[in-house]
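# Commentary on secondary and tertiary structure
Spelled out from the first residue to the last, the chains are:
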Amino acid sequence: MPATEPAPTEAFIVQLEGFEGPLDLLLDLARSQKLDLAGISILALVDQYLAIIEGARKIRLELAADWLVMAAWLAWLKSRLLLPDPEAIEEAELTADILADRLRALEAIRAGAAWLGARPQLGQDVFARGMPEDFTEFDRSRLKLDLPALLSAYLVARRRSGAKRQYRPKPVIYWTVQQALERLTRLIGSMPDWSDLTQFLPEAPQSPLGQRAALSSTLLASLELARNGVLSLRQDADFAPIMVRQGGQHE
Amino acid sequence: MSDHSGSARPHAERLLEAVIFASRDPVPLRTLATLLPDAADLDAVLVAIRARHTGGGFELCDIGSGVMFRSAPDLAPDLRRVVEVPRRLPRAAMETLAVIAFHQPITRAEIEDLRGVSLSQNTLDALLEADLVAPAGYKEAPGRPALWATTPHFLIQFGLKSLRDLPRRADLMVEPTAPATEPTPADP
Amino acid sequence: MSDHSGSARPHAERLLEAVIFASRDPVPLRTLATLLPDAADLDAVLVAIRARHTGGGFELCDIGSGVMFRSAPDLAPDLRRVVEVPRRLPRAAMETLAVIAFHQPITRAEIEDLRGVSLSQNTLDALLEADLVAPAGYKEAPGRPALWATTPHFLIQFGLKSLRDLPRRADLMVEPTAPATEPTPADP
């Protein structure tokens, strides 16, 4: 164990601030013991750490928690290492091994950082071409066309024109009285005798509603013509066929 | 990586070469001169660098009062990489194309009616130039308006085997937008 | 300034030299291969280019799966006088980078555990800003913590061909030559 001369506490403080956490300090203490971490004395390491923390606390109470947590843990480890109980010692040695492993891992990281730092870094030690040239040319002559775009364009166009068109209910075209009048007048002359009024309905096929409308229009027209004496009407019984004949004979 | 052999190239030449290489801008001659122990040598060093790279992939060029490296001009045709960035058709042209595709053959007035906006000559020209639509005779109607239809190139562009591969209008239009153009008079 | 050929250098060599020279980043080997009539010649052409520039102001380097020119490392002190150089990473950032590089992918908690200190936001920001580390998915563990790994730019920055070029831990620890750069107070 090398003689660690008790440095003044101010130095400890300065030292603490130079380290990144307790593990960093422990590694440094260990390295000052020996170059090879495998041979360090954990007990000596613990003593050194505790001494530094103690020294620092005399000057400054507000020491960061992780330093104190490590100190407490190391104090516990030291007490176990010093116990006469062989079981406790074995447990403590295992724990000490874990600490040594962590220190070795940190040392490996340090070595890795040093290895990286020693490499010529781009932008620091070596430099790339300062004025890169780009030979890329963009050709925009081709059209990008796809079916989904075509379809959605169609729908957009149709929705627009559909929205512009005003709503108009589809006109329902019925046989009007005027049409019935014309038809009756035109056909009545060619009818020699009483004829069924339904014969004067339009020939084009009609919906049931259209048929009833045509019938009522034709009836109205026949009544109108009968009033003017153009034709005569006759119905023999309720709901019997309505008969019609040219001329206003009154019987 | 950095092996340094017993190369005979003078330090000054290597240094200036590296400075010109790494600079973002053409390097003024006076900047280069400050890097040399004896500024008088600058011309000689530049002559050496220029000679070394003549006939290589890049060359030393004089730009203003400085120097820079540029790729050799005769290599440009081989270096040029053409990237195709296809254009999209303007929206109006795409809509017009769609209306023609689904209603062909169709007159200009019908296109305008179906789109609900008037058809600009630019739009029609763009479609004609892209060989997507073409005149297809005249409609037997007053004024004998020209009819428009899609071209065979249209099928190729959209990867269609025939016009029958287009979806049917009925499948597209979920809600029946105002029926096309028929005024259907019912008359005996 | 321009061409006068007569030079004996093969076209393929000049072409690849120009392409590599023109680029700020490593040019992938497969890109280079596409420029050659016979891809099998790529190695030979690269050997010729490498040889030509060895001992010059800049050299051909293998980075990632490509190649790039970089100024010769021994010229760094002179170059830094002329070329703008960003600040070096602070020690905490370098160590964190080393942890990530050698243990990737790794969670933040694992980084903190290995270094024995918490990872400051400044450090992470610096590494992210320098494009040296990036998130690399999530660890399948409670809370699914984010994983960190090095970026492709990490290889470029440190001149590595691949992550396999990183020394193994055993190799790092064998000879205690580490304290090359450490400013740490070795002992009281």
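Preceding block: the structure.
As a starting point, this report considers the structure included with it. (Residues numbered from 1 in each chain as written. Chains lettered and ligands numbered in written order. Predicted model: local features only at pLDDT ≥ 70, side-chain atom pairs only at ≥ 80, totals over all residues. Heavy atoms only, no water.)

A few words now on the overall build of chain B. Of the regular secondary structure elements, chain B holds 9 helices and 8 strands. With 188 residues in all, chain B has 40% of them scored as buried. For chain B, the share of sequence-separated contacts (at least 6 apart) that also reach a separation of at least 24 residues comes to 42%. When the accessible surface of chain B is totalled, it reaches about 10,400 Å², and 55% of it is carbon and sulfur. (Helix = DSSP H or I, 4+ residues; strand = E, 2+ residues; numbered from the N terminus. Buried < 20%, exposed > 50% of the residue type's maximum accessible area, 1.4 Å probe, protein only. Contact = heavy atoms within 4.5 Å. Areas by Shrake-Rupley, 256 points an atom, 1.4 Å probe, with all protein chains shown as cover.)

Moving on, we come to the pairing of strand β2 (residues 58-63) of chain B. Residues and elements named next belong to chain B. Looking at chain direction, β2 and strand β3 (residues 66-71) are connected through 6 bridges and run antiparallel. Across the sheet, the residue bridging to phenylalanine 58 is serine 71, located in β3. Taken together, β2 and the strand that follows it, β3, pair antiparallel across an intervening segment of 2 residues, in which glycine 64 is found at a positive phi of about 55°. (Pairing = 2+ DSSP bridges.)

Quick look at the interface of chain C and chain B now. At the junction of the two partners, chain C supplies 37 residues and chain B supplies 37 residues. Across the interface of chain C and chain B, roughly 3,200 Å² is buried in total on both sides, 62% from carbon and sulfur atoms. Inspection of the chain C/chain B interface yields 2 salt bridges. When the shortest N-O distance is used, the salt bridge between B:Asp74 and C:Arg14 registers 2.9 Å. The element contributing the most residues to the side of chain C that touches chain B is helix α1 (residues 11-22) of chain C, with 7 residues. For the side of chain C that touches chain B, the class distribution of residues is 15 nonpolar, 11 polar and 11 charged. (Buried area = accessible area lost by both parts, 1.4 Å probe. Salt bridge = Lys/Arg side-chain N within 4 Å of Asp/Glu carboxyl O. Nonpolar A, V, L, I, M, F, W, Y, C, P; charged D, E, K, R; others polar.)

Right, let's talk about the pattern of salt bridges for a bit. Residues and elements named next belong to chain B. Applying the stated criterion across every chain, the model contains 35 salt bridges over all chains. As a salt-bridge pair, arginine 9 and glutamate 17 come within 2.7 Å of each other at their nearest N and O atoms. Judged on exposure class, the residue arginine 9 and its partner glutamate 17 are both buried. Notably, a salt bridge pairs glutamate 112 with arginine 108, separated by 3.9 Å at the nearest N-O pair. Note that glutamate 112 and arginine 108 are positioned in helix α6 (residues 108-115) at a spacing of 4 residues, about one turn of the helix. For glutamate 112, a relative accessible area of 26% gives the class partly exposed.

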